[in-house]
Amino acid sequence: IINYGVTMDGLANQLLNVVVANERPDLERQWADLVTEMGENAQLLVSLEDTLLRELSSSTGNILDNHELIATLENTKAKAVEIQGKLQLAEQTKGEISVARAVYKPVAKRGSILYFAEAGLVTINSMYEISLDSFLGVFKTSLETSKKDSNLDSRLRNMIDTIQRQVYDYTCTGIFERHKLMFSFQMTCMVMNGEGTLEMPVLDFFLKGDTSLEGVSEVCPVTWLVGSGWKDLICLSGLNDVFADLVKDFKAKVSVWKEWYDLESPEAVPIPSGFHALLSPLQRLGVMRCFRPDRVYNAVKLFVMEMVGEKYVQPPVLDYGRIFQQSSPKAPMVFILSPGADPQSDIQKFCDEMGMTARFKFVALGQGQGPIAEQLLEVGSKRGHWVLLQNCHLLASWLKTLEKILNDMKDPHKDFRLWLTTEPTDRFPLGILQRALKVVTEPPDGLKLNMRATYSRIDAAVLDECPHWAFRPCLYVLAFLHAVVLERRKYGKIGWNVNYDFNESDLNISRRLLSLYLQKSFEDSDEFLPWGSLKYLIGDAMYGGRVSDDMDRRILKTYLEEYMGDFLFDDCQKFSFSTTGFDYQLPEWGELENYTQMIESLPLTNSPAVFGLHPNAEIGYYSIAVKSMWMDLISLQPRRAGSGEGMSREDYIS
C-alpha cells in the first residue's frame, strides 16, 4: 500500500520551492540544475562501476597480461575520481544554496499550516472540500501581491501577513457564518503551535473541560456558580500553580469574584486580583469557561484579535468583482445557498457591469433539464458565455455527468465562466468542489458587519439617484433597520416568534420605494416628508409582508415609529438609534465616506439592548453557539494517544 497523504513538513518543502522561485528565481534555477547534475553524476558513477564489474567478470586468463582491461580500469578510475570530486563540490554548493533558501522557510511553513487549517474543515461539512491546486493558486497570488521591501525581514513579514490574510478571506468566502469564528480560532491555534507557543493541556481543557466521571472532591463555596463550572475550576487548578492560586483567591475573596461574574461583559474586564496579567490569553479563556461559558464566544473573538489582529474576526464582504478575479474558465464558482438567499439577481447585475448580458445563459435544474444544461455548457465553453446552473441539489443525479464534462473540457474559451447554486448536500461530487471557488450567500454576523455589507453594494450613483436632501440619511436608517431585523433572528423566539427569511431583496425594494417617494416629494416641493406612506410600505408591505405573527408585526411597526420621523433632523436634540455601550448616531449629511466611516467606528459586538431587547436575551444564543464551536473544534484536533506518547500523524506517515 502506498500512502499519498501529504504531511505538513512535506508540503512546507514543496512550498519552499514556490517561494524561492518567486523571490530568487536565479537561486531556484541553480538549485534545480544542481539537483539534476548530481543525479546524472551519481547515475554515471553507478554505470562506470557496472562496466568495471562486467569487464572483470568477462576477462579470461591472467588479468595483468590483459592490457586493454588495465587501460579500461585506469580510465574508469580516473573518471570515477573526477565524478566523485564533482559530487563533493556539488554537495558543498548544495549546502551553500540550502542556507540561502532556508531564510524563506518561515513563509513556506506558515503556508503549510494554513493549508491544513483550511483542508481540515471538510470534517465539519463535506461542501468545504478543497484541493491543493486551489490552495497553491491563492498562495502564489499572495506572494505576487505582497508588499515588496528591500529589507529581508520586512519582506518575509509582508509575505506571511498577505498569505495569511488572503487564505483567511478565501476560506471565509466559502464557509457558513457559524463556522467563521471557529476557523479563525483554529487557524490561530495552529499558527501558535507552529511557533511553539501553544499550551496543549490548556487548549484541551478549554475545549473539553473536566472529562472525568468522578465527582468533585470538595463542595463549592458559593451557590451562584453552576456545578459543572466548579468541577472545571477544580480540574483547572491542577494544570499549574497560577491556576491553583486563582482557586485559593476565589475561595478567599468570593464577593470580588461575584462582582466580576455578574458583569454583562466580564470578558472585556480584567480578571480579579491581578490574575489577568499572570495568565496568558489562552489561559484566560479556560477561566472564562469555568465562570461564564455564555461569554466564551465573545472572549474567543478578543483572543483572536489579541493574537493575530482584529481583521481575522471581520470576514470579507461578498464582492463579485473579487470572486470573478479569482475564477478561471476551468474552475466553476459554487454558491452555497442559505435560507432566503438567491444570488441570481446579483450575478445578473454583475454580468451587466462586465458587459456580458448578451452572453449570459441560465437554467434552473430539475427533472429533464440535464440535456439543456449540457447544451448550454457545450456552446458556452466554445463561445465564451457565462452559464448559470441554479438549484444543482435538485438534480444531484446529473452532477456526475457535469463532473465528467468539466474533466473533458480541455481548452475552454478564455471568457467562459460556470456559476452553480446549490443547497448544502453530501451528494455534490468532490471533483467539482475541489476545483471550485466556493461562495456562501449568508448575512454576516453582527450589526457592524451587516451595515458594512450593505454599504459595500452602495456607490455614489445610488446616493445621487434621488435629489431630495433627506434621501441619504433615510438610506442609512433603512440599512440600520435591515441589520436590526436580521440580527434579531439569532436570538430565537426572543427575537422573532417566527424565523423570517428577511433578505437583501427587502432592502433593495425598500430603497427604491424610498427614492421614488422622496423624488416625488422633491418635484412637488412638499414641505413635509411622506412618513406615513414610507412607514406603511416598508414596515407593512415589504418587511411586514413576510411577518405572520401579530406580536412580530407590532415590533416591526415600533421600529419604524422609532427610526422614521422628523425627529431624525432635530437640531436641538440629536437623534440616536441607541446609546447602549456606544452612541449609535445618524452620520452628518455628506458623501459616501461619511457613512462608511461611521460604520467603521461601530463596535464589533453589541448588546441586545441596542435592538430593544433585555441584555440576558443573548445568553441562550451564545451558550448554544459556543457548544457548537467546541464540538467542531474537537473534531478538528489531531488524534493523540491518551498517554501523550503515541506517534503523531506526521511520524506515522513518514
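Predicted model, so just to flag it, every value in this text is computed and none were measured.

### Thoughts on the nonpolar core
And then number 1: Formed by 191 residues in total, the largest nonpolar core has its most connected members in F185, L225, L233, F291, L389 and L402.
And then number 2: The dominant element in this core, judged by the number of residues it contributes, is helix α22 (residues 471-487), at 13 residues.

### Remarks on the UniProt feature "domain: Dynein heavy chain AAA lid" (unreviewed entry) in the protein
And then number 1: Here the UniProt-annotated "domain: Dynein heavy chain AAA lid" (unreviewed entry) positions come out as residues 472-617.
And then number 2: Here residues 472-617 runs as 49% helix and 3% strand, with 32 Å between its end C-alpha atoms.

### Side note on the pairing of strand β2 (residues 360-364)
And then number 1: In the sheet, β2 pairs with strand β3 (residues 386-390) via five bridges, with the strands oriented parallel. Opposite K361, over in β3, you have V387 as the bridge partner.
And then number 2: Each parallel crossover has a hand, and for β2 linked through helix α17 (residues 370-383) to β3 it is right-handed.

### Some thoughts on the sheet that holds strand β4 (residues 417-422)
And then number 1: The strand order across the open sheet formed by five strands is β2-β3-β4-β1-β5, and the pairing between neighbours is parallel. Taken across any chain shown, the strands that pair with only one partner, and hence form the sheet edges, are β2 and β5 (437-441). Across this sheet, the average inter-strand angle for adjacent strands is 15°, counted without regard to direction.
And then number 2: Summarising the sheet, strand β1 (residues 333-337) and β5 pair through five bridges and their orientation is parallel. Counterpart to I336 in the pairing with β5 is V440.

### Remarks on the pattern of salt bridges
And then number 1: Throughout the structure, instances matching the rule amount to 30 salt bridges.
And then number 2: E23 is the salt-bridge partner of R155, the closest N and O atoms lying 2.6 Å from each other. Here R155, found in helix α6 (residues 152-173), pairs with E23, found in helix α1 (residues 8-23); they are 132 residues apart in sequence, far enough to count as distant.
And then number 3: The exposure class of R155 is buried, given its relative accessible area of 4%.
And then number 4: Put simply, E267, R295 and E618 are held in one network by salt bridges that share partners.

### Notes on the domain arrangement of the protein
And then number 1: Here the domain parsing of the protein yields domain 1 (8-175), domain 2 (320-441) and domain 3 (447-603).
And then number 2: Each of domain 2 and domain 3 has a C-alpha centre, and the two are 34 Å apart.
And then number 3: Across the boundary between the two partners, domain 2 contributes four residues, which contact four residues of domain 3.
And then number 4: For the pairing of domain 2 and domain 3, the buried interface totals around 270 Å² over both sides, and the portion due to carbon and sulfur atoms is 30%.
And then number 5: Applying the counting criterion to the domain 2 and domain 3 interface returns zero salt bridges.

### Quick notes on the state of the cysteines
And then number 1: Scanning the entire structure with this criterion turns up zero disulfides.
And then number 2: As a non-bridged cysteine, C235 has C290 as the owner of its nearest cysteine sulfur, 8.2 Å distant.
And then number 3: Note on C572: no disulfide assigned, nearest cysteine sulfur contributed by C474 at a separation of 19 Å.
And then number 4: Its relative accessible area of 80% is what places C572 among the exposed residues.

### Looking at helix α4 (residues 105-119)
And then number 1: For α4, which comprises 15 residues, the first-to-last C-alpha distance of 21 Å matches the rise-based estimate of 21 Å (1.5 Å per residue) to within 8%.
And then number 2: Burial in α4 covers these residues: V107, A108, R110, G111, S112, I113, L114, Y115, F116, A117 and E118.

### Some words on the environment of K535
And then number 1: Assignment of secondary structure puts K535 in helix α24 (residues 531-542).
And then number 2: Residue K535 is classed as buried on the basis of its relative accessible area, which comes to 18%.
And then number 3: A sequence separation of 28 residues divides K535 from Y563, and the C-alpha atoms of the two residues are 9.7 Å apart.
And then number 4: Not counting residues up to four positions away in its chain, the partners in contact with K535 are D540, L560, E561 and M564.
And then number 5: One polar contact links K535 to E561, side chain to side chain, over a distance of 3.2 Å.

### Digging into unusual backbone geometry
And then number 1: The backbone phi angle of N391 is positive, close to 55°, even though this residue is not glycine.
And then number 2: For N391, the position within the fold is in the loop between β3 and α18 (399-408).
And then number 3: Positioned with a positive phi, S525 is a non-glycine residue whose angle comes to about 55°.
And then number 4: Within the element layout of this structure, S525 appears in the loop between α23 (504-523) and α24.
And then number 5: A relative accessible area of 60% places S525 in the exposed class.

Conventions and cut-offs
- Residues numbered from 1 in each chain as written.
- Predicted model: local features only at pLDDT ≥ 70, side-chain atom pairs only at ≥ 80, totals over all residues.
- Heavy atoms only, no water.
- Core = buried A, V, L, I, M, F, W, Y, C linked by side-chain atoms within 4.5 Å.
- Buried < 20%, exposed > 50% of the residue type's maximum accessible area, 1.4 Å probe, protein only.
- Helix = DSSP H or I, 4+ residues; strand = E, 2+ residues; numbered from the N terminus.
- UniProt positions renumbered as here; feature names shortened; annotations may be inferred.
- Pairing = 2+ DSSP bridges.
- Right-handed = clockwise from strand over helix to strand, strands pointing away.
- Axes fitted to C-alpha atoms, helices over the stretch in contact; angles between N-to-C directions.
- Salt bridge = Lys/Arg side-chain N within 4 Å of Asp/Glu carboxyl O.
- Domains from an automatic or database assignment.
- Contact = heavy atoms within 4.5 Å.
- Buried area = accessible area lost by both parts, 1.4 Å probe.
- Disulfide = S-S within 2.5 Å.
- Expected span 1.5 Å × (residues − 1).
- Polar contact = N/O pair within 3.5 Å; in protein donor to acceptor, adjacent residues only side chain to side chain.

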